[in-house]
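For reference, the chains in residue letters:
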Amino acid sequence: DTGVSQDPRHKITKRGQNVTFRCDPISEHNRLYWYRQTLGQGPEFLTYFQNEAQLEKSRLLSDRFSAERPKGSFSTLEIQRTEQGDSAMYLCASSLLGDTYGYTFGSGTRLTVV
Amino acid sequence: GESVGLHLPTLSVQEGDNSIINCAYSNSASDYFIWYKQESGKGPQFIIDIRSNMDKRQGQRVTVLLNKTVKHLSLQIAATQPGDSAVYFCAELRGNKLVFGAGTILRVKS
């Protein structure tokens, strides 16, 4: 296993378009997290899954954002009707329940909305 | 609201010197802190963690100090190397999510 994988690494889209990002966690990890990071800031929590259940969502996650983890393995994050303010790095992380030391981040998807 | 933040946005050190990166937190109930390193184009990488029942923890070339009285956290890097150049974040675990500060850029001069 090579860690947490995210695809694509970079995405440029026009305002108003929909985009979808994918995250493949470390295979034995049952928790998966999405964070958003803007330039010069620390990552901000968006949502997390335990297996296929989405257990918590931040108020940052507007109704244009939706995340799924249908089989408890990979996850997708979709943004509908993108706005310029959505431009950011979207980071995925995974861990085992109760094991914070193993909280591992992917390299992120850089979204630019033009 | 309560937050985790950093004092210095940029720190420049000479190769071989020791580096100290500081972080202040406001939630006195916080009991678990983590330092992350983030290189350009990569996700945050775990460096070291500390629980509130400790005041010091050492790793390889890194030491984290926790002062609960003044709600202050620091990361010390010994014999700083060019490969240490990155953005460093302190983070607090709140429930199941991490709350990050804004970050400190560490630049190592050769």
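Each chain has its residues counted from 1, following the order in which its sequence is written. The naming scheme follows written order: chains are lettered A onward, ligands numbered 1 onward. A pLDDT threshold of at least 70 governs which residues receive local features in this predicted model, and a stricter bar of 80 or more applies before side-chain atom pairs are shown or counted, although totals over entire chains, interfaces and linings include all residues. Note that water and hydrogens are dropped before the side-chain values are worked out from all heavy atoms of the structure.

J.: Teacher, can you tell me more about the overall build of chain A here?
T.: To qualify as a helix, a DSSP run of H or I must reach at least 4 residues; to qualify as a strand, a run of E must reach at least 2; elements of each kind are numbered from the N terminus. From N to C terminus, chain A includes 0 helices and 11 strands. Atoms counted for the radius of gyration: C-alpha only. Globule rule: 2.2 Å times the number of residues to the power 0.38. On C-alpha atoms alone, chain A measures out to a radius of gyration of 13 Å, which is about the 13 Å that the 2.2 N^0.38 rule sets for 114 residues. With the C-alpha coordinates of chain A rotated into their principal frame, the extents come out at 40 × 25 × 20 Å. Classification of the 114 residues of chain A by burial places 46% in the buried group. Throughout, a residue-residue contact means that at least one pair of heavy atoms, one from each residue, lies within 4.5 Å. Look at the contacts in chain A between residues 6 or more apart in sequence, and 53% of them connect residues 24 or more apart. Only the protein chains shown count as covering a residue, and every accessible area follows the Shrake-Rupley method with a 1.4 Å probe. Counting every atom, chain A has about 5,800 Å² of accessible surface; 44% of that belongs to carbon and sulfur. Positive charges are assigned to Lys and Arg, negative charges to Asp and Glu, while His and the chain termini are left out of the count. Note that the charge is assigned to NZ on lysines, CZ on arginines, CG on aspartates and CD on glutamates. In chain A, the 14 positive side-chain charges and the 13 negative ones have mean positions that sit 7 Å from each other. For the exposure calls, accessible area comes from a 1.4 Å probe over protein chains only, and a residue counts as buried if that area is under 20% of its type's maximum, exposed if over 50%, partly exposed in between.

J.: How do you make sense of the interface of chain B and chain A when you look at a structure like this?
T.: It is common to report an interface's size as the accessible area lost on association of the parts. Each side of the interface is counted separately: chain B has 18 residues, and chain A has 19 residues. Using a 1.4 Å probe, buried area is obtained as the accessible area two parts lose upon being combined, added over both of them. Of the roughly 1,500 Å² buried where chain B meets chain A, counting both sides, 56% is carbon and sulfur surface. Counted as salt bridges are all cases of a side-chain nitrogen of Lys or Arg within 4 Å of a carboxyl oxygen of Asp or Glu. Counting every contact that joins chain B to chain A gives 1 salt bridge. One salt bridge connects B:Lys97 with A:Glu56, and the closest N-O pair in it is separated by 3.5 Å. Any N or O atom pair separated by 3.5 Å or less is treated as a polar contact, with the protein-specific requirement of one donor-capable and one acceptor-capable atom, and with residues adjacent in sequence counted only for side-chain atom pairs. Viewed at the interface, chain A and chain B are joined by 7 residue pairs in polar contact (both at pLDDT 80 or more). When residues of the side of chain B that touches chain A are traced back to their parent elements, those giving at least two are strand E4 (32-38), strand E5 (45-51), strand E9 (86-94) and strand E10 (97-100) of chain B. The leading source of residues in the side of chain B that touches chain A is E4(B), at 4 residues. Classification used: nonpolar for Ala, Val, Leu, Ile, Met, Phe, Trp, Tyr, Cys and Pro, charged for Asp, Glu, Lys and Arg, polar for all others including Gly. Across the side of chain B that touches chain A, the residue classes tally to 10 nonpolar, 5 polar and 3 charged.

J.: Which parts of the structure should I look at to understand the sheet that holds strand E7 (residues 65-68) of chain A?
T.: Sheets are built from strands that pair by backbone hydrogen bonding, the pairs being arranged parallel or antiparallel. All names here are of chain A. One open sheet holds the 4 strands; their spatial order is E1-E3-E8-E7, and the pairing between them is antiparallel. The two strands at the open ends of the sheet, each matched to only one other strand, are strand E1 (5-7) and E7. This sheet shows a mean twist of 15 degrees between the axes of neighbouring strands, independent of strand direction. A pair of strands is considered paired only if DSSP assigns at least 2 bridges between the two. Angles here are taken between N-to-C directions and fall from 0 to 180 degrees, while the axes themselves are lines fitted to C-alpha atoms, restricted in helices to the stretch in contact.

J.: For this particular structure, what's the right way to read unusual backbone geometry?
T.: It is generally the case that most residues other than glycine have a negative phi and that most peptide bonds are trans. Here A:Asp7 and A:Pro8 are connected by a cis peptide whose omega angle stands at -5 degrees. Among the structural elements, A:Pro8 can be located in the loop between E1 and strand E2 (10-13). Unusually for a residue other than glycine, B:Arg61 sits at a positive phi of about 65 degrees. The residue B:Arg61 is located in the loop between strand E6 (56-58) and strand E7 (62-67) in this model.

J.: What's the story with the state of the cysteines in this structure? I'm lost.
T.: Two cysteines, two sulfur atoms, one covalent bond between them: this is a disulfide. Cysteine sulfur atoms that come within 2.5 Å of each other are treated as a disulfide pair. According to the stated counting rule, one finds 2 disulfides over all chains in the structure shown. Here A:Cys23 engages in a disulfide with A:Cys92; their sulfurs sit 1.9 Å apart. One disulfide, between A:Cys23 and A:Cys92, carries an S-S torsion of -70 degrees and so falls in the left-handed class. Placement of the pair is A:Cys23 in strand E3 (residues 19-24) and A:Cys92 in strand E9 (residues 88-96), with a sequence separation of 69 residues. Judged on exposure class, the residue A:Cys23 and its partner A:Cys92 are both buried. Here B:Cys23 connects covalently by a disulfide to B:Cys90, the sulfurs 1.8 Å from one another. Taking the torsion about the sulfur-sulfur bond, which here is approximately 50 degrees, the covalent link between B:Cys23 and B:Cys90 counts as right-handed. Within this pair, whereas B:Cys23 is found in strand E3 (residues 19-25), its partner B:Cys90 is found in strand E9, the two being separated by 67 residues in sequence. For the pair B:Cys23 and B:Cys90, a shared accessibility class is recorded, and that class is buried.

J.: In this structure, what is going on with the pairing of strand E11 (residues 104-109) of chain B? I would like to understand it.
T.: Each regular strand displays side chains that alternate between the two surfaces of the sheet. Residue and element names in this part refer to chain B. Of the two faces of E11, only one is covered, namely that formed by Thr104, Leu106 and Val108; the face formed by Ile105, Arg107 and Lys109 stays uncovered. Where E9 lies against E11, 3 bridges are found, and the strand directions are antiparallel. Looking at the pairing, Val87 lines up with Ile105 of E11.

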